[in-house]
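# Close look at the chain arrangement
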Amino acid sequence: MNNKIRYIAIFFVLISFTACDHSILDQEPASQIAIDNYFNSTEEVESAVIGIYDAMQAVPQREFALTEMRSDNTRTKNSEGIWGEFQDLNVSATNGAVANYWAFNYDVIFRANLVLNYLDAATNPTKRTQFEGEAKFGRALSYFNLVRAFGDVPLVDTIIGADDIEYFGRISTSEVYDLIISDLAFAVNNLPAKGDINFGRATSGAAKGLLAKVHLTLNNYDEAETLLEELVDGTDYSLLPNYRDVFYSEGNDEILFAIPYIDDNANESQDFSFEFTAGGVRSGLNYLTNEFIAAIDPADTERIPVLRNPLNQAEVGKFITQSADARFCGNDWIVLRYADIYLMYAEAIMAGGSSTQTVTAIRAYNAVRDRVGMSTIPEDGSGTLTLDELLAERRIELAFENHRLYDLIRLGKATDVLSAFATSNGYSFSNNDLLLPVPQREINVSKGALSQNPGYN
Amino acid sequence: MSVSARLDGSSKFGPDRKFGFFPAGSIGWMLTEEAFMQDQNIVQDFKLRISYGQTGSNSFTFIDSSIPEEYAHIGLLSPIATGFGATGIYQQNLANADFGWEKLDEINPGFDIAFLDRKINLSFDYYKRTSRDLILELPIPSATGFSTALVNKGEVENEGVELELLTRNYLSKDASWTTTVTLTHNKNTLTNFESSNGQISEVDDKRPAEWIALEGRPISTFYGYVVDKEIPLEYINDPFSPINAQSQDIYVRDLNGDGVIDGDDRTILGSPYPDLIWSLTNNVKYKNFEFSFMFQGSHGAEVRNISGQYINNEFSGRQDYNSEFPDPGLVQQRIFTSDDIQDASFIALRNLNIAYNLPNSFLIKAGVQSARLYVSGQNLIYLMADDYIGYNPEGVDSGASKSPLTYGYQRGTAPIYRSISFGINLDF
C-alpha cells in the first residue's frame, strides 16, 4: 500500500501569498469624485443643483410625441413604429419613448432629492434657501409631468435604494399634487426673481406660473387667479412685440421658464428640432395635422410663418435649428411663457364656466390677440369671451409647445375633440387613452408593486 | 496531485469584500503504471483524475461604458458642463459597499484512456461548475433615479460532459489517417435568484423584447407571447409593399383563457444554450498530398432573432393593420413573440484543406527549398434550421450579451461567409 501511494502521489503544495499593501486597494478614484465625502460646501451643493437642470434637458426631447402627437395638433410623416402609436392613440406599454419619459422625470426627481438630502452642507444661508427652492421647483415640475401623463405614480421624496419596495407602488394623484403644491409654494416664496439669477434657473415667477397651472388643473380657480394676477400686474415679464422673436430671440422677457440648449454641442444640444424635419432619423415627427392646418385663420399672417415651416409647410415652424450640425440643435425649450399666463388668467376668471364678461379676462385674451394683429373683443363690458374662443386661441398661440392635450383634458373637452378627430382619421379613441400606459419595463422590475392603467395590455 | 491556493484583492469591491481566498487541487491515478495492469497489452494508458477548484471573478464592464469599473462599489460623481456659469455634477451609479467577488466552484472528474497500441484515445470529463454571488447589473425601478444596480446575486449551475475521441486509423511509411471527434453537452440552470426570482430584463428601450430569470431554468430564458396566426392580408395597410414584407403585429395565444391578451399571457419561449456541440475532424496524408476537413455542429439552442424587422420590413407603417382590423387587442409585435425565437442549430463544413508538397528533386533544380500548393475552403457546406431567418445562427449581439440576463440576442449580425482560397508557399 505504501508503495502504491508513493507511485500515485506526486505531491505538490504550492501556496503563494503575494505580499500586498491593502491601501493600494482602498484608493479614491483620481479622475472622479466619490459621493460619500463630497458635499462639504455651498459650491458643492450648487454643483448638484446644476445637475438637476442637466437632467431636465432630457425631458423635452420626445415629450412632443407623448403630448402633441397624442392630440389633434400633430402626427408622424410615416406612421412608423413606436411613433405611429402616439398618433394612432394606440400606445403600447413597451413603447420606449414612454419608458424614457418616465425615467427622465425620475432622474430629475432623484437629483432634486439628492440636493435636498445634502442641503445642510451649504453654509451660505441665502444660497441654501435658493438651492432648496430650485430643487423643489425641479421636483414639482417633473411630478406634474408624470401625474398628467400617467395618473397615479410612485412618490419618492427622499433618496431610496434598489430594495426600497415600499416606494415602488403607485400613489394617488391627490397625494402627488399635495407634494407638488407644497414644493412650488416654497419655491414661490424663496426663489430669486427674474434677473437675480442666471437665465435657465428657476425663479419665483416661474414657480408662481407653474403653481397657477397646477391649481387650474385641479380646478382651484381662486388660488390660480391670485397667483396669475400677481404675474399679470407685475413688471418682470412682457409680451414681445413680435411673435417670431419669442422663439428666435432666446432668453427674452416673455419666458418664465425655459430649458436651455446650445448649438453644436454633443452634451448641451437637443435633437427634437431635428426630428421635427423630414431629415430626422424617424423621417418626420410632429408634422401638422390637417385639422390643425384647418384651424389656422388665414388672416393670422404674423403667426402662420412661425407655426408652419416656410420651407416645408407640413413641418413645425417653431424651434427650427440654426446649428451647423442638424442633429445638435440649440433652440431652448419653452416650458412657460407670458402669453400662457395671460390666457390662464382668463381661464381662471372663467372658473369652469363656458364664458365670461369680466373685463380683466377679456383684456388678457385681447393682449395675446392684439400682439399678432388679430381681432379682439370689446373691453367696455359689452363683450363676451367664450371657453371655445379661449381654447382655440391657446391652440394656435401655444401650438407645438406641448400644451394642447393637457388643455383639452383640463377644460373637459378631450373626449369630444379627440373622439371626433380619431373617427375622421381612422384611429380608435377611448377615455383610457387620456393616460399613458405605465412602462412595462417598470412593472417588470417593481416586484409586483406597480399596476397598469386601464385599457392597456 | 497538486494543491494551490490564492488570495486575491480587487479595488472594485467594497471595504470588507476586497479579498477572496481561492483554493484548488487535483489528483490523478495512472492505472497502467500499476502492477496489475502490466500483464496486458490492450490498454496502453489509463488515467483517472479529478480536480476541484474555486476561482473568483472580478471581471465585468458597466453597461454604461462611461462608468469606470475600478471603484465599482463607490457611487461616482461625474462633472458636467452647462451654460449656467457653474460646474455641475451628477451621480453615475448606485453605491454598493457590499459588492464583492463572484465565486466559481468547479468539480471535474474524468479519465483518459489509450488502447490498441494507442490507436484509440479517449478522454472523458464530467464537470459541475457552480457560480455564486453573480456580478450582475440588475434592472431596478427608475423611481430610484437609476435603471440598474450592481449587485452580487444568484447561483447558476453549469453541468455537463465532454468527450474527445482520437483514432489513428492507418499509419504507414507513405500514408496516415487520423480522426478526432468531440462532443460537449452542457446544462445551464439558475438554481437560486433570491428576491429577484422571475426577474424580467430587456435589451434596450427601442426593442424591449423580454428575458426571464427563473429558478430551475437557464439564467437567460426567452420570454414572451406564443404566436397563434397571421393577420389576414386584407387588414394590412399595404401588404405587398415591398414584396416579402410582413406585418409588425401577429395574433398571439390567450394562454390563460381570460379573453384578453395581457402580460399574464407571456410564457417561456426558449433558451440560447445548445444541448449538444460536436465536431468531426479528419486528417489524411498520402506521400506529398495532405487532406483534412472539419465538420462542426450545434443543436438545441435558440436565438432571439429580430432580423425579420429589417428583412421583411416589419417596422414599416405600411405593414401596420388598418382601421378595419377587428382585433387590435389580440395581437402583439413580433419581437415580443415566439415568431422571433428561432432554432439556432447548424451543421457546418467548417474547413477543408488540400495541399501538395512538391518533390525535392524538382525543387533543387529551381533553387527552392520547399514549395507547397494548397486550396482551402471555409463553410463550404452550412446547414441552418428551417425556421431560422437570417444569415448567421451563431451570431449574438455583443452589447446585449454584456449582461448574462439577456444572452442570445441577434440583430443584424455579420453573415457566415463561405471562402475558397488557393495558394502557393515557396521558401528560398
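This one's a predicted model, so the numbers in the text were calculated from it and none came from an experiment. (Residues numbered from 1 in each chain as written. Chains lettered and ligands numbered in written order. Predicted model: local features only at pLDDT ≥ 70, side-chain atom pairs only at ≥ 80, totals over all residues.)

The next subject is the overall build of chain A. Tallying secondary structure elements over chain A gives 19 helices and 10 strands in all. Overall, chain A is about 120 × 55 × 45 Å in size when its C-alpha atoms are taken along their principal axes. Among the 457 residues that make up chain A, the fraction classed as buried is 48%. By sequence separation, contacts in chain A at least 24 residues apart represent 67% of the contacts at least 6 residues apart. (Helix = DSSP H or I, 4+ residues; strand = E, 2+ residues; numbered from the N terminus. Buried ≥ 20, exposed ≤ 12 C-beta atoms within 10 Å, placed from the backbone. Contact = placed C-beta atoms within 7 Å.)

Here we take up the overall build of chain B. Each helix and strand counted, chain B has 2 helices and 27 strands in total. Radius of gyration (C-alpha) of chain B: 28 Å, far over the 22 Å computed for a compact globule of 428 residues. By its C-alpha atoms, chain B is 80 × 60 × 55 Å across when sized along the principal axes. Residues counted as buried form 30% of the 428 residues belonging to chain B. The long-range fraction of contacts in chain B, counting pairs at least 24 apart against all pairs at least 6 apart in sequence, stands at 67%. (Rg over C-alpha atoms; globule rule 2.2 N^0.38 Å.)

Moving on, we get to the pairing of strand S10 (residues 155-171) of chain B. Residues and elements named next belong to chain B. Bridge analysis of strand S7 (residues 120-132) against S10 gives 13 bridges, and the strand direction is antiparallel. Its bridge partner being in S10, Arg 132 is matched across the sheet by Glu 155. Here 16 bridges tie S10 to strand S11 (residues 175-192), and the two strands are oriented antiparallel to one another. Bridging across to S11, Val 161 finds its partner in His 185. (Pairing = 2+ DSSP bridges.)

This part is about the packing of helix H8 (residues 204-217) of chain A against helix H14 (residues 338-350) of chain A. Residues and elements named next belong to chain A. With their axes 11 Å apart at the nearest point, H8 and H14 run at an angle of 35° to one another. Crossing handedness for the pair H8 and H14: left-handed. Only Ile 341, Met 344, Glu 347 and Ala 348 of H14 make contact with H8, whose side of the interface consists of Gly 209, Ala 212, Lys 213 and Leu 216. Grouping the amino acids of the contact of H8 with H14 by side-chain chemistry returns 5 nonpolar, 1 polar and 2 charged. (Axes fitted to C-alpha atoms, helices over the stretch in contact; angles between N-to-C directions. Left-handed = near helix turned anticlockwise from the far one by under 90°. Nonpolar A, V, L, I, M, F, W, Y, C, P; charged D, E, K, R; others polar.)

With that settled, consider the confidence of the model for chain A. Within chain A, residue pLDDT values average 92, and 93% of them lie at 70 or more. In this model, residues 1-20 of chain A is a region of pLDDT below 50 whose contacts with residues beyond four sequence positions or in other chains number 14 contacts. (pLDDT = per-residue confidence, 0-100.)

Attention now goes to the nonpolar core. Among the nonpolar cores identified, the biggest contains 149 residues, and A:Val115, A:Leu184, A:Ala207, A:Tyr345 and A:Ala346 are the most heavily contacted of them. Among the elements that line this core, the one with the most residues is helix H5 (residues 96-117) of chain A, at 15 residues. Grouped together as the second largest cluster of nonpolar side chains are 15 residues, B:Ile250, B:Ile261, B:Ile306 and B:Val331 included. (Core = buried A, V, L, I, M, F, W, Y, C linked by C-beta atoms within 7 Å.)

What follows is about the pairing of strand S8 (residues 135-139) of chain B. Residue and element names in this part refer to chain B. Where burial is concerned, most of S8 is hidden: 5 out of the 5 residues are buried. Because side chains alternate across S8, one face comprises the buried residues Ile 135, Glu 137 and Pro 139, and the other comprises Leu 136 and Leu 138, equally buried. Of the pairings in the sheet, the one linking S8 to strand S9 (residues 148-152) comprises 5 bridges and is antiparallel in character. Counted as the bridge partner of Leu 138 is Ala 149 from S9.

Moving on: the sheet that holds strand S22 (residues 341-343) of chain B. Think of a sheet as strands paired side by side through backbone hydrogen bonds, with each pair either parallel or antiparallel. All names here are of chain B. What the 3 strands build is an open sheet, ordered S22-S20-S26; its pairing is mixed. Two strands lie at the open edges of the sheet, namely S22 and strand S26 (409-410), each paired on one side alone. In this structure, strand S20 (residues 302-305) lies alongside S26, joined through 2 bridges in parallel fashion. Paired with Arg 304 across the bridge in S26 is Tyr 409.

Moving on, we come to the sheet that holds strand S17 (residues 267-270) of chain B. All names here are of chain B. Spatial strand order, S12-S13-S14-S17: 4 strands in an open sheet with antiparallel pairing. Either end of the sheet is taken by a strand with one partner, and the two such strands are strand S12 (199-202) and S17. Pairs of neighbouring strands in the sheet enclose a mean axial angle of 45°, with direction left out of account.

For the rest of this paragraph, the subject is the interface of chain B and chain A. For an interface, size is often stated in terms of accessible area lost upon the parts coming together. Between chain B and chain A, the residue contacts involve 61 residues of the former and 65 residues of the latter. When contributions to the side of chain B that touches chain A are tallied by element, the ones reaching two or more residues are strand S1 (2-9), strand S4 (76-80), strand S5 (88-91) and S12 of chain B. Residue composition of the side of chain B that touches chain A, grouped by class: 30 nonpolar, 22 polar and 9 charged.

Another point: the packing of helix H7 (residues 173-190) of chain A against H8(A). Residues and elements named next belong to chain A. Here H7 crosses H8 at 150°, and the two axes come no closer than 8 Å. Accordingly, the angle class assigned to the pair H7 and H8 is roughly antiparallel. As for the relative orientation of H7 and H8, their crossing is left-handed in sense. Mapping the contact onto sequence places Tyr 177, Ile 180, Ile 181, Leu 184, Ala 185, Ala 187 and Val 188 in H7 and Ser 204, Ala 207, Lys 208, Leu 210, Leu 211 and Val 214 in H8. Of the residues belonging to the contact of H7 with H8, the class tally is 11 nonpolar, 1 polar and 1 charged. (Parallel < 35°, antiparallel > 145°, perpendicular 65-115°, else oblique.)

This paragraph deals with unusual backbone geometry. A cis geometry characterises the amide bond from B:Ser241 onward to B:Pro242, with omega recorded as -10°. One non-glycine residue, A:Leu89, lies in the positive phi region at around 55°. Non-glycine residue A:Asn219 carries a positive phi angle of around 60°. Here A:Asn219 shows up in the loop between H8 and helix H9 (221-233).

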